[in-house]
Amino acid sequence: MSKYNCNNKRLNVAEFQHPVDRKAVNAVLAVPGFEEMLKYVSDHSIERVYSFFNSSSMLKISNEMSPKIHQMLEEAAQMYGTDVIPDLYLQRNYEYFIDLDGMAKPYVVLSSAWLEAVDDQMLWAVLTAQIAGIQAKHGMIEFIGNILDFTKGMLPFGVDAALDVAIKEWKRSRVYTTDRAILLATENFELAAKCILFGDASNAVLEGIGLDKPDNTYYQQAQEFIHRSGAEGMIQKVQTLFSSNQWIASRYIELYNWYFSGEYDDVLEGSLDV
Amino acid sequence: MPEQLTGLQVEKFAHPDDLAAMRSLKKIKAVDKATSYLEDLGDNLYFRMSMLGKCVRIMPENDPRVYQILQDVCNILDYDTVPEIYSIRSYALDIQPSGVKKPILLVPDFVLNNYDDSLLYFNLGRAVTRLKSGSLKLYIAAQTLMIATSSVDWISEPMKLGFANWMRKSELTADRGGLLACQNIQTAMVYLMNKAGATLADAKKVSYLDYIEAYKIDNQLAAVGKSLQTLTNCTGWANDRIKELFVWYASGRYDDLMEEFLA
């Protein structure tokens, strides 16, 4: 029986992957053998370097060290019908982050401050998103991004920039997929929204917003951001175009709309049929 | 709650060097206008847009305590605009002010999670003082001039030293504004000792008079070294700020202002 309230559901990333994320993955998969080739190259190049770097400069969280975290990962993997469990590395850092990388052997680097700050509910929620990220082939995005960084300046004028913009859009849209994964795993919109804002607001503010309430103060702020026009709208679009990180305001509204559109209910219902 | 200081002007408590720099800026109309334009473009468009998208705005509904203190501080220091206030993930202790026409404050989550009301009055008081004094305008002007002259060392280097000197003095003005906002010298000293590196718990336990007494540089070489390092330091040494604020407080100027402006 599940310890972390996943109700024995079975999730399939393809059923809730954000369209931009899905389109980008499918474009790569459409070339026969390309994914396998990327995986081979990744495994024999950058992943070896990072594996050395991670194990020599960070703390690997073993099963013995934290059975709770491993139990959570196993249950999350079970929910997605996979046996791929990423290695976990802890990095001493005041910033909050949890990053998935690696194509052949996925691994997750998380910050000590984040781990100290989250409760079990949020830890479970975000770990399920890492498994969803593996299933959605998000390690592939990172690797293609690394190749593009490496070949910068070698490609014809304009091609570089176009590829850079495309990969950044993919990176920004992947978080929409993992935000949905958190919502589906926890069935708790307030918690999923809190995972988005966590680290950008004080505890008192997070408690006070009422993120699941219609027209809450953060919803108003996010709408104000999204509906900017004129010079402000233009600046926002340019800033977005050249960034790999998605705005938290956009993530919140995207998740909010998906939750209330009925799509969430359909996917959740399907996941419980098995 | 600390008492309102009706009609208080920054000129009444600003450090003389800070005041002189502000007055010089106001005299040069072209720089004043150019700065307003840059401020509109940079802060109000670019900066505010970023804050809206990646930070969480504090409102009376989601954090009544902090918002109420901000309103109080604006009243106490007689600043007529309540700035927008955003929370950011940071271990820093300074609240960062931005914008002149549409002011914004960025508050580190460390401050929000750990500072009690009195310390928030002081810290927000510092930030509001910087908004009220118009020092941000001078900051933009100085930055722009330095960028414009960066390729000519003999112009930009002396300018950098002058800029650093003014920045240090504007911090002293902000500390005085913070003290006038919280109206508690002990609180002001706790903040500055925390800034100097003491943990918040230790800063609350230590006597600031003992702390000031212990801060002495009695070695000539160290004094010369410190003077040289000070030339390019923009924020001022935390321990110097403690001493400066105490000297100003003990001079009786603080009591005079309280008497003059208490409603």
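This section reports on the structure supplied with the text. Sequence order as written defines residue numbering, which begins from 1 separately in each chain. Here chains are named by letter from A upward and ligands by number from 1 upward, in the order in which they appear as written. In keeping with the predicted nature of the model, local features appear solely for residues at pLDDT of at least 70, side-chain atom pairs appear and are counted solely at 80 or more, and the whole-chain, interface and lining totals rest on all residues. With hydrogens and water stripped out, all remaining heavy atoms of the structure feed into the side-chain values.

In this section: the layout of surface pockets. Using a grid of 1 Å spacing that covers the protein atoms alone, one calls a set of points a cavity when a 1.4 Å probe fits there but cannot get out, and a pocket when the set is open and has protein on both sides within 12 Å along at least five of seven lines; lining residues are those with an atom within 4 Å of a point. Grid points are joined across faces, edges and corners, and a volume is the space filled by probe spheres set on the points. Size it by volume and the largest pocket reaches roughly 1,500 Å³. What lines the largest pocket is a set of 48 residues, and nearest its centre among them are F97, I98, D99, N245 and R251 of chain A. In terms of residue count, the dominant contributor to the lining of the largest pocket is helix α8 (residues 159–186) of chain A (seven residues). Here the lining of the largest pocket is composed, by residue class, of 23 nonpolar, 13 polar and 12 charged. Lining of the second largest pocket is provided by 22 residues; of these, I95, Q96, P97, R130 and L136 of chain B occupy positions nearest its centre. Under the DSSP-based scheme used, a helix requires at least four consecutive residues in state H or I and a strand at least two consecutive residues in state E, with every element numbered from the N terminus. Charged means Asp, Glu, Lys or Arg here, nonpolar means Ala, Val, Leu, Ile, Met, Phe, Trp, Tyr, Cys or Pro, and polar covers whatever is left, Gly included.

What makes two residues a contact is simply this: any of their non-hydrogen atoms within 4.5 Å. The interface of chain A with chain B comprises 28 residues on the first partner and 28 residues on the second. Here chain A meets chain B over a buried area of about 2,500 Å², counting both sides, of which 56% is carbon and sulfur. Counting the surface chain A buries against chain B, the share from its top three residues, Y94, T217 and Q221 of chain A, is 25%. Whenever Lys or Arg places a side-chain nitrogen within 4 Å of a carboxyl oxygen from Asp or Glu, that contact is recorded as a salt bridge. Linking chain A with chain B are two salt bridges. Accessible area that two parts lose when put together, evaluated with a 1.4 Å probe and summed over both, is termed the buried area.

What follows covers the pattern of salt bridges. This model, assessed by the stated rule, comprises 30 salt bridges over all chains. Where D212 of chain A meets K213 of chain A, a salt bridge forms, and the shortest distance between an N and an O atom there is 3.6 Å. For every residue, the accessible area obtained with a 1.4 Å probe (protein chains only) is divided by the maximum for its type, and the residue is called buried under 20%, exposed over 50%, and partly exposed between those limits. The class of D212 of chain A is partly exposed, set by a relative accessible area of 31%. A single salt-bridge network, built from bridges that share partners, covers D94, R126, R130, E171, D175, K195 and R241 of chain B.

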